[in-house]
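Notes for the structure review
So you can see what is in the structure, the chains are spelled out below.
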Amino acid sequence: MELKKNQEITLKIDDLGNNGEGIGHVDGYALFVKDALPGETIRARIMKCKKKYGFARMMEVLECSDSGRVKPKCPVARQCGGCTLQHLSYEKQLAYKEKKVKDCLVRIGGLDAEKVEWLPILAMETPWQYRNKAQFPVRMQRDDSGVLRPVAGFYAGRTHSIIPVTDCAIQHPSMKGLLEAVLTWMQEQHVPAYDEVSHRGLVRHIYIRRAYHTNQIMVCLVINGRQISGDLQRTLIENLTGIQGMTSIFLNINTERTNVILGKEMLLLWGQEYIEDRIGEISYHISPQSFYQVNPVQTEKLYQTALEFAGLTGEETVWDLYCGIGTISLFLAKNAKKVYGVEIVPEAIQNAKENARLNGIDNAEFFCGAAEEVVPKLAEELAVARNLTGEEGNEAENETEKMANLADVVVVDPPRKGCDGVLLDTIVKMAPAKIVYVSCDPGTLARDVKFLGEKGYEVRKVRACDMFGQGGHVESVCLLHRIDS
Ligand code: SAH
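Residues take numbers from 1 onward in each chain, read along the sequence in its written order. In keeping with the model being predicted, local features are shown solely for residues with a pLDDT of at least 70 and side-chain atom pairs are shown and tallied solely at 80 or more, while totals for entire chains, interfaces and linings include all residues. The side-chain numbers reported here are obtained from all heavy atoms of the structure, hydrogens and water having been left aside.

1. Section: the nonpolar core
- To form a nonpolar core, buried Ala, Val, Leu, Ile, Met, Phe, Trp, Tyr and Cys residues must be joined to one another through side-chain atoms within 4.5 Å. Each residue's exposure class comes from its accessible area (1.4 Å probe, protein chains only) as a fraction of the maximum for that residue type: buried when under 20%, exposed when over 50%, partly exposed otherwise. Trp319, Leu321, Val436 and Leu480 are the most contacted members of the largest nonpolar core, which has 104 residues in total.
- Pairs of residues are marked as contacts when any of their non-hydrogen atoms sit within 4.5 Å. If we skip the residues at most four places from it in the chain, leucine 321 touches Val342, Val375, Val410, Val411, Val412, Asp413, Leu423 and Ile427.
- In terms of nonpolar packing, the next biggest core, distinct from the first, is built from 32 residues, Ile208, Ile223, Leu240 and Leu251 among them.

2. With respect to the pairing of strand 20 (residues 434–439)
- Put simply, DSSP marks the helices as runs of H or I at least four residues long and the strands as runs of E at least two long, and each gets a number from the N terminus on. Taking burial as the measure, the six residues of strand 20 include six buried ones, the bulk of the element.
- With burial as the criterion, each face of strand 20 is covered, one bearing Lys434, Val436 and Val438 and the other bearing Ile435, Tyr437 and Ser439.
- Viewed with both strands pointing away, a crossover whose connecting path from the first strand over the helix to the second turns clockwise is right-handed. Crossover strand 19 (residues 409–412) to strand 20 through helix 9 (residues 421–430) is right-handed.
- Here strand 20 pairs with strand 22 (residues 475–482) via six bridges, running antiparallel. Across the sheet, the residue bridging to lysine 434 is histidine 481, located in strand 22. A pair of strands is treated as paired once DSSP finds two or more bridges between them.

3. Re the side chain of arginine 386
- Along the polypeptide, arginine 386 turns up in helix 7 (residues 371–389).
- A polar side-chain atom of arginine 386 sits 2.8 Å from the main-chain carbonyl oxygen of lysine 402. Whenever a nitrogen or oxygen atom comes within 3.5 Å of another N or O atom, the pair is scored as a polar contact, on the condition that within protein one atom can donate a hydrogen and the other can accept it, and that pairs from neighbouring residues in sequence are kept only if both atoms are in side chains.

4. Remarks on the state of the cysteines
- Throughout, a disulfide means two cysteine sulfur atoms within 2.5 Å of one another. Tallying each qualifying case throughout the model produces zero disulfides.
- For the unlinked cysteine cysteine 104, the closest cysteine sulfur is that of cysteine 478, found at 12 Å.
- Here cysteine 323 is not disulfide-linked; the sulfur of cysteine 368 is the nearest cysteine sulfur, at 9.0 Å.

5. Remarks on the site of the ligand
- One heavy atom within 4 Å of a molecule or strand is enough for the residue carrying it to be called near that molecule or strand. Contacts to the ligand come from 17 residues, most closely from Tyr303, Thr327, Glu343, Ala371 and Asp413.
- Within the backbone of tyrosine 322, a nitrogen or oxygen atom sits 3.2 Å from a nitrogen atom of the ligand.
- Here an oxygen atom of the ligand sits 3.1 Å away from a polar atom, N or O, in the side chain of threonine 327.
- Areas reported as accessible are Shrake-Rupley estimates using a 1.4 Å probe. Residue values count occlusion only from the protein chains shown. For the ligand, whose accessible area on its own is 570 Å², the fraction buried by protein is 89%.
- Only helix 5 (327–333) and helix 7 provide two or more residues apiece to the shell around the ligand.

Here it is in structure tokens:
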């Protein structure tokens with residue numbers, strides 16, 4: 001069937017896309033429809049046709065069988081891009097995420113589904129109010145009575161105007177009061193919000209982090225300027241330090257015309273350089289530039305799964321690549337002989353080193369740099385050192401043997417784009433018995449697993465973990481074994 005713009009068709013939705021949109025098919029041609037759900041048959045209007053897929057608008061639900069449609073809790077869920085699955089029951093969200101991981105690993109990764117142990121997804125007990133981090137844009141906007149005020153919220157569609165919201169349904173409830181305290185200060189002190197068009201004004205974003213177990217709070221104002229006056233500093237500190245848990249107040253300098261939220265420079269205005277939180281029994285210092293998982297309760301379950309998959313006895317050398325502030329490294333260190341952590345952000349590595357000391361862990365060592373550069377170099381150095389001491393007997397004859405047994409377990413937890421090819425090559429040379437792959441994108445996980453499969457690694461266990469209730473992102477942990485081990 002030839003589809004044309006504005007044509008109306010009846011469409012059965014059979015899948016969900018990465019951004020929570022429904023997907024239906026006409027003679028094998030995929031159509032993406034925002035707000036439609038699998039199980040629904042809808043009247044849709046074609047909006048745009050590309051070669052391999054197109055977009056349609058949902059006009060009406062004609063029939064519905066067990067689609068799991070629910071009324072979104074948040075009144076602005078539809079306009080806000082944040083929660084892409086609020087209109088889907090939590091049970092169905094979980095089923096979708098579990099299926100997504102499996103489908104990617106089978107279709108892209110080439111796994112034989114029968115040979116893998118698929119453990120049930122780790123669900124959230126309450127999939128609301130879980131986020132420990134907020135980054136809200138700030139703008140000047142007229143309120144209903146025409147008064148120009150600073151507002152924080154989210155961008156409406158693809159525009160640059162903001163829909164004011166401070167009580168986001170997935171944020172920890174304390175975020176609302178914190179955002180409002182900053183907005184009140186701006187209004188009282190006549191501090192202008194940033195304006196993208198003129199590149200004028202001061203406050204661009206309000207960035208907040210809250211530690212789940214200690215209730216320590218960090219507030220950081222991202223400003224289009226190098227500093228704020230002494231008076232403004234004093235009043236800001238006065239307004240915020242009255243809030244229970246306030247631990248750090250930062251300014252971040254971002255004077256570029258850019259969509260990137262944080263600039264490079266951080267100025268501490270008040271308090272300490274980091275907040276402290278716990279995961280399981282380990283305490284962590286977290287600086288504002290460091291990555292830290294946004295869902296504290298699920299993070300513990302995620303790391304516990306990584307620990308179980310690693311199956312440590314206390315004798316192993318473990319490498320934790322893309323280690324952030326050393327969260328997984330230190331979580332595993334007590335059950336390992338030695339842990340090496342590698343991470344690209346200097347502040348995160350500084351936190352990781354402090355965190356080892358803080359917890360009295362002396363068998364973890366951390367290295368800063370791109371994993372694909374640091375790991376080959378470090379492995380080479382360790383291999384040379386080992387050969388010199390003759391620890392492993394005969395000198396290795398080739399590259400592969402040289403690096404073998406430098407690691408018993410390698411954990412990787414890369415960003416969405418997955419592992420770098422050079423890094424994967426090096427891991428294969430190091431030939432660990434197990435690889436524990438923690439992934440926030442099943443597509444790139446599947447791609448990397450396929451590569452490792454061709455090099456002698458087999459997936460044994462997979463478990464998804466819901467870190468992002470109401471959102472479409474999917475986290476999972478995958479255990480690979482070297483086939484001959
Ligand atoms: N395992 C950590 C962090 C995972 S997020 C945790 O659970 O908290 C991914 C991390 O990879 C981030 O800290 C990011 O800064 C880091 N990163 C991104 N690219 C990298 C690279 N090429 N080499 C090393 N680390 C990198």
